[in-house]
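Examining the three-dimensional arrangement
Okay, here's what each chain looks like letter by letter:
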Amino acid sequence: MPTAVLLTDPACPALDPALVESLRNAWGGGPAVWLAPGEAAEFPVPQAPSNAPGVWEELQGLGVDLALVPEAGRRKRLLIADMDSTLIRQECIDELAEVAGVGAHVREITARAMNGELDFEGALTERVALLKGLEAGVIDRVLAERITHMSGAAVLAATMRANGAHTLLVSGGFTAFAGPVAAALGFDEAQANVLEAAGGRLTGTVRPPILGRDAKVAALERTAARLGIAPEDAIAVGDGANDLGMLGRAGLGVALHAKPAVQAQAQIRVNHGDLTALLYLQGYRRSEFAPV
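Since we're looking at a predicted model, the values are computed, not measured. (Residues numbered from 1 in each chain as written. Predicted model: local features only at pLDDT ≥ 70, side-chain atom pairs only at ≥ 80, totals over all residues. Heavy atoms only, no water.)

Taking 1.5 Å of rise per residue, 12 residues should cover 16 Å, and helix α4 (residues 103-114) covers 16 Å from first to last C-alpha, within 8% of that figure. Of all the residues in α4, the buried ones are Gly103, Val106, Ile109, Thr110, Ala113 and Met114. Angular distribution of buried residues about the axis of α4 spans 135 degrees; they occupy a single face of the element. Close packing links the buried residues of α4 with α3 (92-100), α5 (120-129) and α11 (260-263). Phi turns positive, to about 80 degrees, at Gly116, one or two residues after α4. (Helix = DSSP H or I, 4+ residues; strand = E, 2+ residues; numbered from the N terminus. Expected span 1.5 Å × (residues − 1). Buried < 20%, exposed > 50% of the residue type's maximum accessible area, 1.4 Å probe, protein only. Arc of directions from axis to C-beta. Contact = heavy atoms within 4.5 Å.)

Another point: the environment of Leu66. Mapped onto the elements of the fold, Leu66 is located in strand β4 (residues 64-70). Residue contacts for Leu66: discarding those within four places in its chain leaves Ala4, Val5, Leu6, Leu23, Trp27, Ala52, Val55, Trp56 and Leu59.

In this description, a pair of aromatic rings is defined by centroid distance and the angle of the planes. Tallying each qualifying case throughout the model produces one aromatic pair. A centroid spacing of 5.3 Å and a plane angle of 40 degrees characterise the contact between Tyr280 and Phe289, whose relative ring orientation is tilted. Each member of the pair, Tyr280 together with Phe289, is buried. When the ring centre of Tyr284 is taken as reference, the NZ or CZ atom of Arg75 above it lies at 3.8 Å. When the ring centre of Trp56 is taken as reference, the NZ or CZ atom of Arg269 above it lies at 3.7 Å. (Phe/Tyr/Trp six-rings, centres within 6.5 Å; stacked < 30°, edge-to-face > 60°. Lys NZ or Arg CZ within 6 Å of the ring centre and 35° of its normal.)

This part covers unusual backbone geometry. A cis geometry characterises the amide bond from Pro208 onward to Pro209, with omega recorded as -5 degrees. Here Pro209 shows up in the loop between β9 (201-206) and α9 (213-227). In this structure, His257 is a non-glycine residue whose phi angle is positive, near 45 degrees. As for its placement among the helices and strands, His257 is situated in the loop between β11 (252-256) and α11. By relative accessible area, which is 35% here, His257 ends up partly exposed.

So, about the pairing of β9. Pairing analysis gives three bridges linking strand β8 (residues 195-198) to β9, with the strands arranged antiparallel. Counted as the bridge partner of Leu195 is Val206 from β9. Between β8 and β9, which pair antiparallel in sequence order, lie two residues; one of them, Gly199, sits at a positive phi of approximately 60 degrees. (Pairing = 2+ DSSP bridges.)

Written out as structure tokens, the structure reads:
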């Protein structure tokens, strides 16, 4: 029996109880449970309604996200999360490129790669080459001045860890950013690509092998095996085309504010909520969120 979860932007909680009740009645659902007043509610349904895609589209226009999630095993034991434009609001390589004076060109390549229009590894290699000669110390400045965390990221990690889950940041970006971001948000570990440098300057290369789509899936499977759990016990979140593999492999894959090509393939899409949406999808109430 699936559970229908409705949620909205926690910065402007305006989920209408009448809307929840109307949909519950139309779908023959069980009693509605409010996970957070005005922000998130859920109710069980006998089966996935055939008109769910159309209802999802209508609710998007009202600023409401809708997801149908299996009731069994909702609370996951592994969180695997993308970094750029997921745990943070920026694409790190774009910010470095801005400092290097090639921002517009790199941003265009990044956008196409994240939408699946370009091969990820080739696009990464091309963009990194444009950073050759940039002072390696610029990374610390970019981290301090240009990188901001996505709303709900720290609460998501803290709540899952408080409930016994392992948290893994896995990024097609760079360890120089992923390590500090993971530490700041309270993640257990981070995996990413290594930007190579020599003489205090970037060489314009990435240490092979490049961590891309397949490597993210492998990281999920490897970490799950190490923890003694199945990939179905994981929840994954990302926004780009190189995240689709792990979103499909995890028991619950969430496309968060994702690129169009990703939205077209992802089963669960969150466009209005923040990262705390992943907690509501697992049935957590706001009162259960861990302090940060």
